[in-house]
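This is what each chain is made of:
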Amino acid sequence: MAEFNDIIKDSKPTLVDFYATWCGPCKMMHPILEQLKDKMGDSVTIVKIDVDKHQELAQAYRVMSVPTLIVFRGGEVKWRAAGVHTAEDLESKLREQM
């Protein structure tokens, strides 16, 4: 948890993907997040959190469905949504935080 808190406190935007290995829509998000990382490079951090392995984090951020995507900057939640999103939509949300 301490390492997670250090990551989200960064001044650059951090996109956290709360997912589950058994979740079909979560599997759809994987290539989208890879595409996003390739396009945005080191200007953002993308972290995947398995809700089954990290239940305490999922509870702390009230993750009720997967995938849930949360953008943090400076330790604060700047945007959050559930479900599958396009790389373009996510890039737009991240750029708003730069």
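Residues numbered from 1 in each chain as written. Predicted model: local features only at pLDDT ≥ 70, side-chain atom pairs only at ≥ 80, totals over all residues. Heavy atoms only, no water.

**Student:** Could you give me a rundown of the overall build of the chain, with the residues and numbers involved?
**Tutor:** Regarding its fold elements, the chain presents four helices and four strands. Reading the chain from its N end, one meets helices and strands in the order α-β-α-β-α-β-β-α. Relative to the 2.2 N^0.38 estimate, which gives 13 Å for 98 residues, the radius of gyration of the chain is 12 Å and therefore close to what a compact globule would have. Seen along its three principal axes, the alpha-carbon backbone of the chain occupies a region of about 30 × 30 × 20 Å. Of all 98 residues assigned to the chain, the portion counted as buried reaches 43%. For the chain, the share of sequence-separated contacts (at least 6 apart) that also reach a separation of at least 24 residues comes to 69%. (Helix = DSSP H or I, 4+ residues; strand = E, 2+ residues; numbered from the N terminus. Rg over C-alpha atoms; globule rule 2.2 N^0.38 Å. Buried < 20%, exposed > 50% of the residue type's maximum accessible area, 1.4 Å probe, protein only. Contact = heavy atoms within 4.5 Å.)

**Student:** Help me get a handle on the side chain of T68, residues and values and all.
**Tutor:** Structurally, T68 is set in strand β3 (residues 68-73). Polar side-chain contacts of T68 include one of 2.4 Å to the backbone oxygen of S65. If sequence neighbours within four positions are ignored, T68 has contacts with V16, D17, F18, V63, R80, A81 and A82. (Polar contact = N/O pair within 3.5 Å; in protein donor to acceptor, adjacent residues only side chain to side chain.)

**Student:** Break down the sheet that holds strand β1 (residues 14-19) for me, with residues and values.
**Tutor:** Strand order across the open sheet formed by four strands is β2-β1-β3-β4, with mixed pairing between neighbours. Either end of the sheet is taken by a strand with one partner, and the two such strands are β2 (45-50) and β4 (76-82). For this sheet the average axis-to-axis angle between neighbouring strands, irrespective of direction, equals 20 degrees. In the sheet, β1 pairs with β3 via five bridges, with the strands oriented antiparallel. Residue pairing across strands places V16 opposite I70, the latter belonging to β3. Across the face of the sheet, helix α2 (residues 24-40) comes into contact with β1, β2 and β3 while running at roughly 160 degrees to β2. (Pairing = 2+ DSSP bridges. Axes fitted to C-alpha atoms, helices over the stretch in contact; angles between N-to-C directions.)

**Student:** Now, about the UniProt feature "site: Deprotonates C-terminal active site Cys" (unreviewed entry) in the chain: what can you tell me, with residues and values included?
**Tutor:** The sites that UniProt annotates as "site: Deprotonates C-terminal active site Cys" (unreviewed entry) are D17. Mapped onto the secondary structure, D17 falls in strand β1. On the basis of relative accessibility, which here comes to 0%, the residue D17 falls in the buried class. Dropping the residues within four chain positions of it, D17 is found in contact with L33, V47, K48, I49, P67, T68 and L69. (UniProt positions renumbered as here; feature names shortened; annotations may be inferred.)

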